[in-house]
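# A closer look at the structure
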Amino acid sequence: MDQSDEIVLVGCGNMGFALLEGWVGRAGIPAGRIHVIEPAQALRSRAAAVGATVHADAAELPQALRPRAVIIAVKPQVVRSMLCAYRRFGGKAAFVSIAAGVPISTFEATLGETAIIRAMPNMPASIGLGVIAAFANAHTDDGQMAYVNNLLAAVGAVHWLAEEKLVDAATAISGSGPAYLFHFIECLTEAGVAVGLSAETALALAKQTVEGAAALAGTSGFSPAELRHQVTSPNGTTAAALQVLTAEPGLSELMTRAVAAAHRRALDLAVA
Ligand SMILES: NC(=O)c1ccc[n+]([C@@H]2O[C@H](COP(=O)([O-])OP(=O)(O)OC[C@H]3O[C@@H](n4cnc5c(N)ncnc54)[C@H](O)[C@@H]3O)[C@@H](O)[C@H]2O)c1
C-alpha cells in the first residue's frame, strides 16, 4: 500500500475505531494520513490519541484532499443524511460502506456512478484478527479493488462475495458473530459460578477455553466435528453436557433462529 495515500474515515465509534486501531497499530498505515470525521468530542480525542487527523464535520476537510478511500462507518440510519458531503470524492476514491443492511443502490442514488464497496468487518479487526465479507459494484476498477482489498486484509481475512445480497447473510454470521461468542463466554462464566467457581476464575477459564478452542479449530487439520469427538469420551462429562445442548430446541436450532433474526434485521435496515 502506498504510504502517501490518504483515507477518510466517517464515524469513529465502536467499529470505526476498531478499524483505525487495526490500520495504525497492526498494519502500520501512517495515522496522520487517516482523516477521521466524528462529531462526538470524546471519540474524536480517542482517534487523535492514536495519531489520526480529526475533524468534527466534513466541511473541515482540506479542499485539496484527494483520498484513495472513503470509509463510511456511521449507523445505517445516518447514511442517507451524511452522504452528499462526500460526493466530491467520487471518481478517484473508492467508497467503502460497513453499514449493516444499507444497499449499494442507496449510495449510488447520491454519489452516482462511482466505486462503491459494501464490506462487513467485525470487531476483532482491532487486533488484526477480523474477518471481512465484501462486494464491489460494477464501477469499481481493478486498481480500486486491489487497494481496498489490501486495506481490509490489513485487519483480517477478506472474503469477496459473488452477490450483494450475501453481505446481509455474512452480517448475521461474522459481523454480529463476535457478540454471540461474547455472550457464550458470559453464559459459561455464569454456569461456572453455579458449580462453585469464583466469578474471576470462571471468567478466566471461559475466556481461555474459547480462545484456545478457536485457535485450535483455526489451525488444526481436523474439522470442528472431529475436534468435538476428540474431546468427548464415551459416557463421559462432555457427552453429558452435549446431550443437553442437542436436546430440542438444541443450540443448533437456537443459532439458526438467531442468525435468521439478524438476517431479517439487515434486510429491514435496507428500507429503514
Ligand atoms: N460494531 C460492530 O461490531 C460492527 C461490525 C460491522 C459493521 N458495523 C457497522 O458499522 C457502523 C457503525 O457501527 P458502530 O457500532 O461503530 O456504531 P457507533 O454508534 O459506535 O459509531 C457510529 C459513529 O458515527 C458517528 N456519527 C454520527 N453521525 C455522523 C456524521 N454525520 N459524520 C460522521 N460521524 C457521524 C457517531 O458519533 C458515532 O461515533 C454501523 O453501520 C454498523 O452497522 C458495526
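The coordinates are above.
These remarks concern the structure in this document. Predicted model, so just to flag it, every value in this text is computed and none were measured. (Residues numbered from 1 in each chain as written. Predicted model: local features only at pLDDT ≥ 70, side-chain atom pairs only at ≥ 80, totals over all residues. Heavy atoms only, no water.)

Tracing the backbone through its elements, the reader meets alanine 109 in helix H4 (residues 104–111). Spatially, the C-alpha atom of alanine 109 lies 9.5 Å from that of arginine 80, the residues being 29 residues apart in sequence. (Helix = DSSP H or I, 4+ residues; strand = E, 2+ residues; numbered from the N terminus.)

Before going further, it helps to spend a moment on the sheet that holds strand S8 (residues 156–160). With respect to topology, eight strands assemble into an open sheet ordered S3-S2-S1-S4-S5-S6-S7-S8, the strand pairing being mixed. Strands at the two margins of the open sheet, each flanked by one partner only, are strand S3 (53–55) and S8. Taken pair by pair, the neighbouring strands of this sheet meet at an average axis angle of 25°, ignoring direction. Inspection of the sheet shows strand S6 (residues 116–120) paired to strand S7 (residues 130–136) by four bridges, in the antiparallel sense. Paired with arginine 118 across the two strands is phenylalanine 135, which belongs to S7. Taken strand by strand, H4 contacts strand S4 (69–72), strand S5 (94–97), S6 and S7, and its axis lies near 145° from that of S6. (Pairing = 2+ DSSP bridges. Axes fitted to C-alpha atoms, helices over the stretch in contact; angles between N-to-C directions. Contact = heavy atoms within 4.5 Å.)

Orientation of helix H6 (residues 166–175) relative to helix H11 (residues 251–271), taken along the N-to-C sense of each, is 135°, at an axis distance of 8 Å. As judged from the angle between their axes, H6 and H11 are oblique. Crossing of H6 over H11 shows right-handed handedness. Residue-level inspection shows Asp168, Ala169, Ala172 and Ile173 of H6 in contact with H11, the latter providing Val259, Ala262, His263, Ala266 and Leu267. Among the residues making up the contact of H6 with H11, the classes are represented as seven nonpolar, one polar and one charged. (Parallel < 35°, antiparallel > 145°, perpendicular 65-115°, else oblique. Left-handed = near helix turned anticlockwise from the far one by under 90°. Nonpolar A, V, L, I, M, F, W, Y, C, P; charged D, E, K, R; others polar.)

Another aspect to go through is a nonpolar patch on the surface. Residues Leu245, Leu251, Leu254 and Met255 make up a contiguous nonpolar surface patch of about 320 Å² in total accessible area. Among the elements that take part in the nonpolar patch, H11 stands out by supplying three residues, more than any other. Mapped onto the elements, leucine 254 comes out in helix H11. (Patch = residues over 30% accessible without salt bridge, like charges linked within 9 Å, V, L, I, M, F, W, Y side chains within 5 Å. Areas by Shrake-Rupley, 256 points an atom, 1.4 Å probe, with all protein chains shown as cover. Salt bridge = Lys/Arg side-chain N within 4 Å of Asp/Glu carboxyl O.)

In the vicinity of the ligand there are 21 residues, among which Asn14, Met15, Glu38, Val74 and Ala100 approach most closely. Within the backbone of asparagine 14, an N or O atom sits 2.9 Å from an oxygen atom of the ligand. One nitrogen or oxygen atom from the side chain of glutamate 38 is found 2.6 Å from an oxygen atom belonging to the ligand. Protein contact buries 78% of the 820 Å² of open area that the ligand shows by itself. (Near = heavy atom within 4 Å. Polar contact = N/O pair within 3.5 Å; in protein donor to acceptor, adjacent residues only side chain to side chain.)

Function-wise, these values are silent; they only describe arrangement.
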